[in-house]
Structures are given as structure tokens and as C-alpha cells.
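Coordinate inspection notes
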Amino acid sequence: MDLAKRAEHKLGEVFDAPEVLPFASKAIDLVGSFPALRNAFEDKFRTMRGYAPKEFVQVCMHALRWPELRSFFEDQSRLAIARNDWSAIADYGKYLDAFEDDWEDARTFYARYFVDAAND
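Below is a short write-up of the structure. Quantities reported herein were computed from a predicted structural model and do not represent experimental measurements.

Time to look at the overall build of the protein. Scanning the protein for helices and strands turns up 8 helices and 0 strands. For the protein, the α and β elements follow one another from N to C terminus as α-α-α-α-α-α-α-α. Considering only C-alpha atoms, the protein reaches an extent of 45 × 35 × 30 Å along its principal axes. Per-residue burial over the protein gives 41% buried out of 120 residues. For the protein, the share of sequence-separated contacts (at least 6 apart) that also reach a separation of at least 24 residues comes to 68%. Positive and negative charge centroids in the protein, built from 16 and 22 side chains respectively, lie 4 Å apart.

In C-alpha cells, the structure reads:
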């Protein structure tokens, strides 16, 4: 939660999506270091829409690609559509896009994390 909130603060200052990378990278490393806490991490990601920048969540989802979170975001997207909640529809749509292998932002905005890591 702290990393997500710090990413939100940083984006509020610089308005540059790639600036979430240091925070998302630390979060991904933290999640990877504590596999026994996966359920707790999943619970945190489920609530991040309320306080985390969508860019932070997207980077984490592209790196993690946990099926349980994808299912949760699909359910939330359907609920948002039923409620005609355009803000939520857009956010959950962006989260779901990040699960795709060919997520364009991984090659553009976040290439230094995803593309560079793939070439190492």
C-alpha cells in the first residue's frame, strides 16, 4: 500500500507514467520475496483502485498475471458496466489490458522494465 501511495504522490508531481516503475518494481520484488503471502497481496491489489495510480496496478498486473486477480477485475468490470460507471469501466479495462502478452504499454511507457528485463 505504501509503495502505491508513494507512486500516486510522485505522479501528482510529475505526471509521467514511467515514474511509477521504481515503486512498482519494488512492489513486484516484495511480492516475489513472500510467496506465502500471496493471498494477502491479492487482497491489497483488489482494493488499490481507491488509492493507487492505475499505472502502478497495470505494471504489477503485467508482471504478476495472477489469474485470480484477472477474474476479479473481469467481475468488477462487468459490475461497472451494469452500473454505467464509466470511470470504473476505464480503470478495470486498463487493468485487464495489462494482463495481455502484447500489452502495448510494456513496449512503450515501461520498456525499460519489461523489454530490458526480457533482453537480460
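Once the structure has been displayed, the description carries forward.
In this section: the packing of helix 2 (residues 21-33) against helix 4 (residues 54-64). Interaxial distance between helix 2 and helix 4 falls to 9 Å at its minimum, and their mutual angle equals 40°. In this view, helix 2 runs oblique relative to helix 4, as classed from their interaxial angle. Handedness of the helix 2/helix 4 crossing: right-handed. Two secondary-structure elements touch here, helix 2 through Leu21, Phe23, Ala24, Ala27, Ile28 and Val31 and helix 4 through Phe56, Val59, Cys60, Ala63 and Leu64. In the contact of helix 2 with helix 4, the residues fall into 11 nonpolar, no polar and no charged.

If you want to describe how two helices pack, look at the angle between their axes and the distance between the axes. The interhelical angle for the contact between helix 5 (residues 67-83) and helix 6 (residues 86-97), taken along N-to-C directions, is 155°, at an axis separation of 9 Å. Here helix 6 runs roughly antiparallel to helix 5, going by the angle between their axes. In the crossing of helix 5 with helix 6, the sense of the turn from one axis to the other is left-handed. Along its contact with helix 5, which presents Arg70, Phe73, Glu74, Gln76, Ser77, Ala80 and Ile81, the element helix 6 presents Ala88, Ile89, Tyr92, Tyr95 and Leu96.

Moving on, we get to the packing of aromatic side chains. As enumerated under the stated definition, the model contains 7 aromatic pairs in all. The interplanar angle of 85° and the centroid separation of 5.6 Å between the aromatic rings of tyrosine 92 and tyrosine 95 together place this pair among those described as edge-to-face. One end of the pair is tyrosine 92 and the other is tyrosine 95, both in helix 6 and 3 residues apart, which spans about a single turn. On the basis of relative accessible area, tyrosine 92 is assigned to the buried category, the value being 7%. Consider the rings of tryptophan 103 and phenylalanine 114, whose centres lie 6.3 Å apart with planes at 75°: the pair is edge-to-face. Within this pair, whereas tryptophan 103 is found in the loop between helix 6 and helix 7 (104-107), its partner phenylalanine 114 is found in helix 8 (residues 111-119), the two being separated by 11 residues in sequence. Classification of phenylalanine 114 by relative accessible area gives buried; the value is 15%. Aromatic ring contacts, followed pair by pair, group Phe72, Phe73, Tyr92, Tyr95 and Phe99 into a single cluster.

Reading the values: rules and limits
Residues numbered from 1 in each chain as written. Predicted model: local features only at pLDDT ≥ 70, side-chain atom pairs only at ≥ 80, totals over all residues. Heavy atoms only, no water. Helix = DSSP H or I, 4+ residues; strand = E, 2+ residues; numbered from the N terminus. Buried < 20%, exposed > 50% of the residue type's maximum accessible area, 1.4 Å probe, protein only. Contact = heavy atoms within 4.5 Å. Lys, Arg positive; Asp, Glu negative; His and termini not counted. Charge placed at Lys NZ, Arg CZ, Asp CG, Glu CD. Axes fitted to C-alpha atoms, helices over the stretch in contact; angles between N-to-C directions. Parallel < 35°, antiparallel > 145°, perpendicular 65-115°, else oblique. Left-handed = near helix turned anticlockwise from the far one by under 90°. Nonpolar A, V, L, I, M, F, W, Y, C, P; charged D, E, K, R; others polar. Phe/Tyr/Trp six-rings, centres within 6.5 Å; stacked < 30°, edge-to-face > 60°.

The values reported here are purely geometric and, on their own, carry no functional implication.
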